[in-house]
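# Analysis of the macromolecular model
Here is what each chain is made of, one letter per residue.
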Amino acid sequence: MTKLHDMSGISRRGLLAGAAGMGLVGLSGLPLRAQEAPRKGGTLKLGISGGSTTDDFDIRKLADWVPVNQAYMVMNGLVEIDSDNIAQPELFSAWDAEEGAAAWVFDIRQGVTFHNGKSLTADDVIYSLNLHRGESSSAARSILAPITGIEKLSDLQIRITLESGNADLPYLLSDYHLLVVPEGFDDWSNPVGTGPFIPERVEPGVRGRFVRNESYWKPGCANVDAVEVVVINDVTARTNALMSGQVHAINAVDFKTVTLLGRNPKLEIVRSAGGQHFTFLMDCTKAPFTDVNARLAIKYAVDREQLLKTALNGFGQLGNDHPIPQTDRFYNSELAQRAYDPEKATFHAKKAGFDPLAVTLSASDAAFSGAVDAAAVFRTAASGAGVDVTIKREPADGYWSDVWMQVPFCMSYWGGRPTADQMLSIAYESTSSYNDTRWSNERFDALLKEARALLDEEKRREIYWECQALIHEDGGAMIPMFGDYLDAVSKDVKGVKPHAMFNLMGARMAEKVWLDA
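Reading guide: rules and limits
Residues numbered from 1 in each chain as written. Predicted model: local features only at pLDDT ≥ 70, side-chain atom pairs only at ≥ 80, totals over all residues. Heavy atoms only, no water. Domains from an automatic or database assignment. Contact = heavy atoms within 4.5 Å. Salt bridge = Lys/Arg side-chain N within 4 Å of Asp/Glu carboxyl O. Axes fitted to C-alpha atoms, helices over the stretch in contact; angles between N-to-C directions. Helix = DSSP H or I, 4+ residues; strand = E, 2+ residues; numbered from the N terminus. Left-handed = near helix turned anticlockwise from the far one by under 90°. Nonpolar A, V, L, I, M, F, W, Y, C, P; charged D, E, K, R; others polar. Buried < 20%, exposed > 50% of the residue type's maximum accessible area, 1.4 Å probe, protein only. Pairing = 2+ DSSP bridges. 1 Å grid on protein atoms, 1.4 Å probe; cavity = no way out; pocket = protein on both sides within 12 Å on 5 of 7 lines; lining within 4 Å. Points joined across faces, edges and corners; volume = space filled by probe spheres on them. Phe/Tyr/Trp six-rings, centres within 6.5 Å; stacked < 30°, edge-to-face > 60°. UniProt positions renumbered as here; feature names shortened; annotations may be inferred.

Attention now moves to the domain arrangement of the chain. If you check the domain split of the chain, you get domain 1 (38-75 + 195-266 + 491-516), domain 2 (76-183) and domain 3 (275-484). Summarising the inter-unit geometry, the C-alpha centres of domain 1 and domain 3 are found 29 Å apart. In this complex, domain 1 contributes 22 residues to the contact, which on the side of domain 3 involves 25 residues. In this structure, the connection of domain 1 to domain 3 is made through one salt bridge. One salt bridge connects Asp 373 with Lys 256, and the closest N-O pair in it is separated by 3.1 Å.

As structure tokens, this is what we get:
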């Protein structure tokens, strides 16, 4: 068997890093400051957007920033993606792949206990993985669909067998849904994990308090005595809470005011470039988007340059109607950038039988900071391109349960994923429960399956390039821009680093940082 968990020193660091352009900056633009040794104590207060009264800790349906951050406070994953976008052992301590990478043996970390005192064993890992398999409605179901068997070899070792080889399996097992709970656990309002903090009280969509797990197994982590999460979905209120000292850090800083905020001498802006992208979702099973021409009309009716400039204040890159960022080694660099083209938009609208094409776009800043403004910019451009857009402003609370994947046309976002396969699988494979455009393409599904089994990088590149082209031409997502992750943090918080995988250090800030005072 071939040892694969030490590959970070070879080519993957350069190929997968996605960290170019990341940095921790203040007004001066100076790089990340030197870090001193962690110290214990204090209460870390986080103001986070992306919370709802419908939230709980069900790992199968984690969908937004508050539940994901809180889940990582309470539970651990099997594999962690580090700040260089490299897969590192977490509750798995090591792994080996058999020849062809269709069977893998994973060692489970010894000496880890759950908050209830139970020791972590293979039974807990197998149970937790199986929550996402079979008839599960889990967002990670498609990621684990290629698994044909999970076998317990001992109390601290399992074998995972795949239908075909996949050299990226450890990366896929880093998905934030794949957290570990005790065997048989199902009380998602009262979670039990192996994580750095234990929930003291949680009011969904409002606030939560978590106290340190004194027996936490990771050295140098769980430094603060407690973490208080305040759900602040409104970006202005979130910014004011940081500036007034009510919280130590906020996520999803307003792109339009980030430069001004960075001039505050008590704060620093954490800018991380990665795979975060903002989407206008067309449900391919609902009129008028059952016709590819209606979808193309929308894609040609957006002025991407203007959106990037006005909605993101330039903190990002142009999108090309597929989800793979320029930092990914399989990014299709030869796919022509789609430009604003009113004539082509009008042509496709008429070909679909509409003159003009009238659509209602559900928008909320719950989708991303500045989403409502972005909708207005799109409406203006579309009005001259044969597309009549009515904006329906939706409340932030309940957006992900009542609007997303419920209406024909809405705004959304995706955080990046460490591999192209993971991003394409979770959001575009027809069998994925998180395929939020309900796009189905047999050719795409077949290509995706073929690419997973290949160890030839050049052949995989060819396939992933075609996958991007299929989504670009036929898919139901209009993706005008990729946005940098922007957080703002008090200088009292130490240990902060940029991370290509989500805001707030890959949703793990609470575990990693410490307070100066």
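Close contact between helix H13 (residues 420-428) and helix H15 (residues 457-474) brings their axes to 11 Å; oriented N to C, the two are set at 35°. In this structure, the crossing between H13 and H15 has a hand that is left-handed. Contacts between H13 and H15 involve Asp 421, Leu 424 and Tyr 428 on the former and, on the latter, Tyr 464, Cys 467 and Ile 471. Across the contact of H13 with H15, the residue classes tally to five nonpolar, no polar and one charged.

Turning next to the pairing of strand E14 (residues 267-272). In terms of residue burial, E14 counts as a mostly covered element, since five of its six residues are buried. Here E14 runs beside strand E21 (residues 485-490); their pairing, made up of six bridges, is antiparallel. Across the sheet, the residue bridging to Val 270 is Asp 487, located in E21.

Moving on, we get to the layout of surface pockets. Of the pockets and cavities examined, the largest pocket occupies roughly 360 Å³. In this structure, the largest pocket is lined by 19 residues; those nearest its centre are Glu 80, Ser 83, Lys 497, Met 505 and Lys 512. Partitioned by chemical class, the residues of the lining of the largest pocket number seven nonpolar, four polar and eight charged. When we break the lining of the largest pocket down by domain, the ones giving at least three residues each are domain 1 (38-75 + 195-266 + 491-516) and domain 2 (76-183).

Take the packing of aromatic side chains next. The relative placement of two aromatic rings is captured by the distance of their centres and the angle of their planes. Counted under the stated rule, the structure contains 24 aromatic pairs. Between the aromatic rings of Trp 65 and Tyr 485, the centroid separation amounts to 6.2 Å while the plane-to-plane angle is 80°, which identifies the pairing as edge-to-face. Residue Trp 65 is located in helix H2 (residues 65-74), and its partner Tyr 485 is located in strand E21; the two are separated by 420 residues in the primary sequence. Of the two residues, Trp 65 and Tyr 485, both sit in the buried class. An angle of 55° between the planes, with centres 5.2 Å apart, marks the rings of Phe 289 and Phe 409 as tilted. Separated by 120 residues along the polypeptide, Phe 289 in the loop between strand E15 (277-282) and helix H8 (292-300) and Phe 409 in strand E19 (residues 409-414) bring together distant segments of the chain.

Counted under the stated rule, the structure contains 39 salt bridges. The salt bridge partner of Arg 271 is Asp 484, with a shortest N-O separation of 2.5 Å. Highlighted residues: Arg 271 in strand E14 and Asp 484 in the loop between strand E20 (477-483) and E21, separated in sequence by 213 residues. Under the relative-accessibility criterion, Asp 484 is labelled buried at 1%. Salt bridges here are not isolated pairs; linked through shared partners, they connect Glu 80, Glu 90, Lys 218, Arg 508, Glu 511 and Lys 512.

According to UniProt, the "domain: Solute-binding protein family" (unreviewed entry) feature falls on residues 88-432. A distance of 26 Å separates the end C-alpha atoms of residues 88-432, which is 24% helix and 24% strand.

Time to look at the environment of Trp 514. Position of Trp 514 among the secondary structure elements: in strand E23 (residues 514-515). For Trp 514, a relative accessible area of 6% gives the class buried. Spatially, the C-alpha atoms of Trp 514 and Thr 43 are 9.2 Å apart, while their sequence positions differ by 471 residues.

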